[in-house]
Amino acid sequence: MLKKERRRYLALEIDSEETFSSKELMNALWSAVLKLYGEYGASKTGLALIDYNGEKRFAVIRVVHIAVENVRAAIASITKIAEKPTAIHVLNVSGTIKSLYKKLKQ
Amino acid sequence: MKRIYADLHLCPNLNNERQTARMIRKAAALGYRLIAIPVPLSLTEKKVRWLRNLCEEVGIEFASRIDLKPRTPRELIVNLRRLRRRFEIIAVLCETKQVARQAAKDRRVDLLNFPAINFRRRFFDKAEAELASSGLTAFEIDVKPLIMFEGAARVRLMSNLRKEVAIAQKFRVPTIVSSGVSDELHMRKPRELAALASLFDLKETAALEAVSKNPVAIVKRNREKLSPRFVAPGIRVIRRGKDC
């Protein structure tokens, strides 16, 4: 029987003086994952954008639970978004969106 | 117990006080509790005190570090004799095989570092690891080149690091993952450094130890040795006086 895919939600903080569109952020994330793990590896991450606030420089992404560390490494390798110097840090990881926001509030 | 995270290779431009202060504050914000900054010999005692005070202000510990880049084993020995008691951490950037071998077997050396760009000068092989394991020297990996390089250069670096880490683990040489960055935007959280270590097949537990337990143990050991109470490993002066 097929097992249900377990997911993890990652809260991200974008460390930059510039603001970016959600498309630019996702392009940077996909590009970093593709560079490190290739198309096969990237297909296993289940990466998706859940929430994005450009002004607050905050995003929530979803990944498959077995790919959390890979995505974390890919995120750490990002130095630029849309050719502008940037760093992205993982604030928190959680199993549900509700608990992620709860953890962030604490 | 909560882990104490350490970055033993933070390289701010010490001539730029504002940037240095920003990097130290950021290290604290990212979750580090101990940082080491390479201090050039020309740096005044006043400036080192300033660094120490700044770290104390933001709630992190500061360890003084010197990066030696000797050309011959003889030069390394002379430098070690002169500097060992002045710095809490001594790292050696090994650019020749002879220097690498001498640094690995010398108990006064804490960290072995190898050039990231020149792959022919990465001398961390089995013989080096065997010497390092008996000499209590640790193998340091900077993640800066992993972040900065792209394409073939990064692929080659990861491949080399994978082999070196496997050798280090076989010979029980402690591995230390440091940032090696000189720019705030290249600084990463300890867990992110550990995640980057998975690129060279360091398991999660070992990677977390490489940014917490291993570096902290080196600083603790050296501080004990540098303390005036230290006599020999395991022997300390407890009390001085006529009745002793």
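Right above here is the structure, for reference.
Bear in mind the structure is a predicted one, so any value in this text is a computation, not a measurement.

1. Considering the overall build of chain A
- Regarding its fold elements, chain A presents 3 helices and 6 strands.
- Counting from the amino terminus, chain A carries its helices and strands in the arrangement β-α-β-β-α-β-β-β-α.
- A globule of 106 residues ought to have a C-alpha radius of gyration of about 13 Å, and chain A, at 13 Å, matches this closely.
- For chain A, the spread of C-alpha atoms along the three principal axes comes to 50 × 35 × 20 Å.
- Out of the 106 residues in chain A, the part that is buried amounts to 42%.
- Partitioning the intrachain contacts of chain A with sequence separation of at least 6 by distance along the chain shows that 67% fall at a separation of at least 24.

2. Some points on the overall build of chain B
- Summing up its helical and strand segments, chain B has 10 helices and 9 strands in all.
- Relative to the globule expectation of 18 Å for 244 residues, the C-alpha radius of gyration of chain B, 18 Å, shows essentially globular dimensions.
- Principal axes of the C-alpha set define a box for chain B whose edges measure 65 × 40 × 40 Å.
- At a minimum sequence separation of 6, the contacts of chain B that also span at least 24 residues come to 72%.
- As presented, chain B carries roughly 12400 Å² of accessible surface, and 51% of it is formed by carbon and sulfur atoms.
- Of the side-chain charges in chain B, 50 are positive and 27 negative, and the distance between the mean point of each set is 3 Å.

3. So, the side chain of Asn214 of chain B
All names here are of chain B.
- If you trace the backbone, Asn214 turns up in helix H10 (residues 213-226).
- Side-chain polar atoms of Asn214 contact the backbone oxygen of Thr175, separated by 2.9 Å.
- If near-sequence neighbours (up to four positions away) are discounted, Asn214 is found in contact with Pro174, Thr175, Ile176 and Glu209.

4. A few points about the packing of helix H2 (residues 68-76) of chain A against helix H8 (residues 190-197) of chain B
- Remark: H2 of chain A packs on H8 of chain B, axes separated minimally by 8 Å, with the N-to-C direction vectors making an angle of 105°. As the angle between them shows, H2 of chain A and H8 of chain B are arranged roughly perpendicular. Side by side, H2 of chain A and H8 of chain B meet where Glu69, Arg72, Ala73 and Ala76 of chain A of the first sit next to Arg191, Glu192, Ala195 and Leu196 of chain B of the second.
- The residue inventory of the contact of H2 of chain A with H8 of chain B, partitioned by class, reads 4 nonpolar, no polar and 4 charged.

5. With respect to the environment of Met23 of chain B
Residue and element names in this part refer to chain B.
- Residue position: Met23 is located in helix H1 (residues 17-30).
- Put simply, Met23 and Glu184 are 161 residues apart on the chain and 5.7 Å apart in space, counted from C-alpha to C-alpha.
- Leave out the neighbours within four places in its chain, and Met23 touches Leu10, Pro12, Val181, Ser182, Asp183, Glu184 and Met187.

6. Observations regarding the packing of aromatic side chains
- Per the counting criterion, the structure on display carries 4 aromatic pairs over all chains.
- The interplanar angle of 50° and the centroid separation of 6.5 Å between the aromatic rings of Phe58 of chain A and Tyr101 of chain A together place this pair among those described as tilted. Remark: Tyr101 of chain A occurs in helix H3 (residues 97-105) and Phe58 of chain A occurs in strand S3 (residues 58-64); sequence separation between them is 43 residues.
- Of the residues examined, Phe58 of chain A reaches a relative accessible area of 17% and is grouped as buried.
- For Tyr101 of chain A, a relative accessible area of 29% gives the class partly exposed.
- When the centroid spacing of 6.1 Å and the interplanar angle of 70° are considered together, the rings of Phe114 of chain B and Phe124 of chain B count as edge-to-face. Within this pair, whereas Phe114 of chain B is found in the loop between strand S5 (111-113) and helix H5 (126-135), its partner Phe124 of chain B is found in the loop between S5 and H5, the two being separated by 10 residues in sequence.
- Phe114 of chain B gets classed as buried once you look at its relative accessible area, which sits at 4%.

7. Side note on the interface of chain B and chain A
- Facing 19 residues of chain B, the contacting portion of chain A comprises 18 residues.
- When chain B packs against chain A, close to 1500 Å² is buried across both sides, 56% of that on carbon and sulfur atoms.
- Taken together, the links from chain B to chain A amount to 3 salt bridges.
- Residue Lys26 of chain B is joined to Asp15 of chain A by a salt bridge in which the shortest nitrogen-to-oxygen separation is 2.2 Å.
- Secondary-structure elements contributing two or more residues to the side of chain B that touches chain A are H1, helix H6 (144-148), helix H7 (152-170) and H8 of chain B.
- When residues of the side of chain B that touches chain A are assigned to their parent elements, the largest contribution, 4 residues, is made by H8 of chain B.
- Broken down by class, the residue content of the side of chain B that touches chain A amounts to 9 nonpolar, 2 polar and 8 charged.

About the criteria used
- Residues numbered from 1 in each chain as written.
- Chains lettered and ligands numbered in written order.
- Predicted model: local features only at pLDDT ≥ 70, side-chain atom pairs only at ≥ 80, totals over all residues.
- Heavy atoms only, no water.
- Helix = DSSP H or I, 4+ residues; strand = E, 2+ residues; numbered from the N terminus.
- Rg over C-alpha atoms; globule rule 2.2 N^0.38 Å.
- Buried < 20%, exposed > 50% of the residue type's maximum accessible area, 1.4 Å probe, protein only.
- Contact = heavy atoms within 4.5 Å.
- Areas by Shrake-Rupley, 256 points an atom, 1.4 Å probe, with all protein chains shown as cover.
- Lys, Arg positive; Asp, Glu negative; His and termini not counted.
- Charge placed at Lys NZ, Arg CZ, Asp CG, Glu CD.
- Polar contact = N/O pair within 3.5 Å; in protein donor to acceptor, adjacent residues only side chain to side chain.
- Axes fitted to C-alpha atoms, helices over the stretch in contact; angles between N-to-C directions.
- Parallel < 35°, antiparallel > 145°, perpendicular 65-115°, else oblique.
- Nonpolar A, V, L, I, M, F, W, Y, C, P; charged D, E, K, R; others polar.
- Phe/Tyr/Trp six-rings, centres within 6.5 Å; stacked < 30°, edge-to-face > 60°.
- Buried area = accessible area lost by both parts, 1.4 Å probe.
- Salt bridge = Lys/Arg side-chain N within 4 Å of Asp/Glu carboxyl O.

Spatial relationships are all this shows, so hold off on functional conclusions.
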